[in-house]
Each structure stands twice: as C-alpha cells, then as structure tokens.
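Structural overview for review
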Amino acid sequence: MGRGRWSVALAAALLAAAYTRAAPAQPAYSYSAPTDSALLRFMDSLADSSDRFFGLSSAPPDTAGLDSTLAYYLEHPEAVPRERRAALGWPVPDYRYNRVDGSYFGARAGAGNALGAGRLEGRVGYANGPDEWLGGLHLIERRGTRRALWTLDVGWDKATERLDPGHRLAPFYWLRALVNGSDRTHYLRREGARVQLRRDAPHSSAYAAYGDQREAPLEVTSLWNLFNRSPAVQFNLPARPGRVRAYGFGAGVELGPWPLGLWLENETASRALGSNFDYHRWRGAAGAVVPTTRWAGLALQAEYGAVREDAVPQAAFLLGGSHSLRSLPGFSLAGTRTAQGRAELILAPDLLQLSRLAHPAFLNLQAGVTAAVGSVWGTQPFTGEDLGGGTWPDRRDWRSEVGAALLYRPGLPDPWGFFRADVAWPVGNHSGPRRLTLSYVQVLHLLPRIGR
C-alpha cells in the first residue's frame, strides 16, 4: 500500500476523532420502563461506573448533581437557560469515504442558540471522486414548554444520501468502505430545500415536512481500501433522476407499562405540486421491550409498508442487512411493499462478570438470540418486474432466520445503541449459508424516536 493511502488513513483517524467530539448526539427511541427492567439495569451500573473505576474522587459529580440536573432539564425543557449572545462554534474537520464520492474533505460549523433566536449550522466539502462540491445550511429553532418541545428545521442541502429512505447514514458508515471495502450501502445525490416542524411530548411525537429537491443517481468512482480487499459491492444501484416535490407527516405514541411504541408515517410526491413523480409511501411500525425475567428482556418489533403509484427506487423498501434480515446481504431484495417481524431475547448478565474476568464496569458484554421473518413484494423498482402478491405476500416469498448475537452497549451517545456481532442462519423455504454481520443499531431499529 502506497504512502498516499497511509496518509489518507492517518487523516481519516484524526478527522474521525474530531467528528466524534463535534457530532451532536442523535436522539434515541424514548423508553421509560421500570428501573428494575432487565435491559435497564445496565444503565444503573453505567451511571456509577466511573467512581468504581477511578475511585471516590469521581463519585460526587456523577451521583450528586449531574444526573439529577440532566433529568430535571429533560423533564422541563422550558427551564434550560437561553444564551443572550450567539455562540460561535469553530469549524470542525469532516472526512468521509465511499465508492461514489471517493474521499470527501470538508468542515462543519455553527453559530447561535437553537433555544434562543435560532442556530445556524453549515457544512461544506469537496468530493474528489465526482470532482464536486457538497454542502448544506440549516436554521434550527426550538421552543420548549413543560408539555412539549417544538423544533423547526429549515435547510438546503446538496449531499450524498442513502438510497434506502428508511434508515439514515450512521456517523461512521464510511469506515467499512475505507478499511476493507465491506460497505454495502447504495447512494444517491439529493439537492434542494426542506422544512420540517416537529413536536415531542413525554410520550408522543409528530412531525410535518415539505421538500423541493432534485434526486440523481451516482456512479462508482473509487474502489480502493486500506487492506486492498476486493470490495463487497462494486456497483451502485441507480436512483431514478427527477425533481421531487413532496410533503410528509408522521406520528407516534407510547402506550402501556413497557411501553408499546406505535408509529405511522407518510410521504406523498405529486405532479400537481410540480414533481416528476407521483407516489404515496406509507409505513407503520410497532415495538416494545418486555422484561421477561430478572436476567433477560424480550424485544419485539414489526413493520408494514406500501408504495402506491410510481415505483421509484428511492421510495421503495429494501430487505437485507443489519436493519432487517441479517442472513441476507444488505440491499438484496427490493419491492413496493414490505412486512417484517423480529423477536430478540437479550440476556442481561454481564458475560465477563460471569466468567470472573477482571474488567471495568463500563465494559458490559451481553448475549442475545433472535428470530425474524420478512418479505418484499409488489413491483421490483429497478426492473419493473411484477413480484406478485396483493395486500399480503405469497407464502413462498417469506424469508425466515434465526441467529445469535454478542452485544456491547456503550451508553453514549445513544443509551439504546448497541455494537453487535450477529451470526444468522436462513431457515424455511429459502436456504443459504450463515452470515456474520458487525453493526451499530438501536434495540428497536424499526421504530424512530418517540417522545421527548
């Protein structure tokens, strides 16, 4: 490997460290189970892990102020002090790599206070693969009361985004492409304006949005990686080019003692608005984490979705990978309708503690077993093929799997985020080899965040 690649690797490591320091914490699925829940007991130990590891010197700030202050302000967002002057953030380096952009070198900065007059956040960068400048500018304003937190986000972007509309790009998705070429994500270019208004209450969330953006396919421009491996995917699935003027809305609520989360969302593009496409994309999801015993918790989730009228690839449903069936490679199947169900039993005991190995309290490894089923049907968006089925898929089109997982939950920045190593075996009508996947996902990844 030449000096150039080692230079890029060193730059990537330094920029990743800066990115981690500056990236805002992503909101997680809000879950307020009883404190003796099997899955939540780890959070209790995490709160006091530093004083056990570093000694009594760290105990007072961890247990006698910070936790209670954070809890109070989360419950009373209107009490958060508003800055009288605009806070100017220094530019932070931003580096990414994938097979369509090559290396992206950029910077991000912000000024202002979202809880005051508003915060202005911007980014700009150069992608050396397509020889193109990318960037974005957003004005974010929040208004909080005891009952709800309102967020207005008005922005313009020219960015590389994931072709699958159901999942956002994780902060370090590009490391897989850079290190060994194992990235299976497919991308499109999206350029234009979007405005969104969101309301978050203690046990419910809702949003409304409108966008006027141009979407375009992207070509592969770079396939090298640090270990000179053959990339897992050497092509990029094409989006359908055109202008998309669309409005969307979504709403969710938490019910019951666990609680049970319910979510429904819609996105509608219309030629009457000047869009090149006509489609209605609906998706509903439900999920809950149920404490079964003192040593295990059961995570249950399901979703159903449909796209009507135009079968646009960037609005379709994709099956395979860490966010759906892990026995299938990412983006293996696509259709205009989807249904999924997943059950996962997560064991609460710390495996390292059971093995009596000395380790810091924050290093908590858990085990899990999973069973899942899923299908996509309707119209294949890339070929136009009729996949059959009506409101429900044909029996032969269902795919099932079982698996086992090793999980680590760091607790920060997302208390419900897991680093996972999964082994999944296909069962039932469709056979295939077992697959090992490494990922970082939330417990209930089919549900967006619900609640404040």
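What comes next is a walk through the structure. (Residues numbered from 1 in each chain as written. Predicted model: local features only at pLDDT ≥ 70, side-chain atom pairs only at ≥ 80, totals over all residues. Heavy atoms only, no water.)

Helix and strand counts for the protein chain come out as seven helices and 19 strands. The proportion of buried residues among the 452 residues of the protein chain is 46%. Sequence-distant contacts in the protein chain: of pairs separated by 6 or more residues, those separated by 24 or more amount to 63%. Of the roughly 22,500 Å² of accessible surface on the protein chain, 60% is carried by carbon and sulfur atoms. (Helix = DSSP H or I, 4+ residues; strand = E, 2+ residues; numbered from the N terminus. Buried < 20%, exposed > 50% of the residue type's maximum accessible area, 1.4 Å probe, protein only. Contact = heavy atoms within 4.5 Å. Areas by Shrake-Rupley, 256 points an atom, 1.4 Å probe, with all protein chains shown as cover.)

What follows covers the packing of aromatic side chains. Within this structure, the stated rule accounts for 12 aromatic pairs. Centroid distance Tyr97 to Trp224: 5.1 Å. Interplanar angle 50 degrees. Geometry classified as tilted. Here Trp224 lies in the loop between β7 (204–217) and β8 (242–255) and Tyr97 lies in strand β1 (residues 92–98), a separation of 127 residues in the sequence. Accessibility expressed as a relative area gives 22% for Trp224, which makes it partly exposed. Through a chain of ring-to-ring contacts, the aromatic side chains of Tyr304, Trp377, Trp392 and Trp398 assemble into a single cluster. Directly above the ring of Tyr104 sits Arg96, whose terminal nitrogen or CZ lies 4.0 Å from the centroid. (Phe/Tyr/Trp six-rings, centres within 6.5 Å; stacked < 30°, edge-to-face > 60°. Lys NZ or Arg CZ within 6 Å of the ring centre and 35° of its normal.)

It is worth spelling out the pattern of salt bridges at this point. In the structure shown here, the tally under the stated rule is 25 salt bridges. In this structure, Asp94 engages Arg108 in a salt bridge whose closest nitrogen and oxygen atoms are separated by 3.8 Å. Linking Asp94 in strand β1 with Arg108 in strand β2 (residues 102–113), this pair joins segments that are 14 residues apart in sequence. In this structure, Asp94 and Arg108 share a single accessibility class: buried. In this structure, the salt-bridge partner of Arg119 is Glu121, at a minimum N-O distance of 3.2 Å. (Salt bridge = Lys/Arg side-chain N within 4 Å of Asp/Glu carboxyl O.)

Bringing unusual backbone geometry into the picture now. Note the cis peptide between Trp258 and Pro259, where omega equals 0 degrees. As for its placement among the helices and strands, Pro259 is situated in the loop between β8 and β9 (260–269). Even without glycine at this site, Asp131 takes up a positive phi of about 55 degrees. Tracing the sequence through the fold places Asp131 in the loop between β3 (118–127) and β4 (132–144). Residue Phe331 is not a glycine yet carries a positive backbone phi of 60 degrees. Structurally, Phe331 is set in the loop between β12 (317–319) and β13 (333–335).

Let's shift gears to the pairing of strand β5 (residues 149–162). With 10 bridges connecting them, β4 and β5 associate as antiparallel partners. Considered in β5, the bridge of Gly144 is made with Leu149. Linkage of β4 to β5, two consecutive antiparallel strands, is achieved through a turn of four residues. Bridging between β5 and strand β6 (residues 187–201) involves 14 bridges; their strand directions are antiparallel. (Pairing = 2+ DSSP bridges.)

Turning our attention to the environment of Asn180. Assignment of secondary structure puts Asn180 in the loop between α6 (174–179) and β6. A relative accessible area of 26% places Asn180 in the partly exposed class. Asn180 sits 52 residues away from Ala232 along the chain, and the two C-alpha atoms are 8.8 Å apart. The contact partners of Asn180, leaving out residues within four places of it in the chain, are Asn225, Phe227 and Arg229. A polar contact is formed between the side chain of Asn180 and the side chain of Ser182, at a distance of 2.9 Å. (Polar contact = N/O pair within 3.5 Å; in protein donor to acceptor, adjacent residues only side chain to side chain.)

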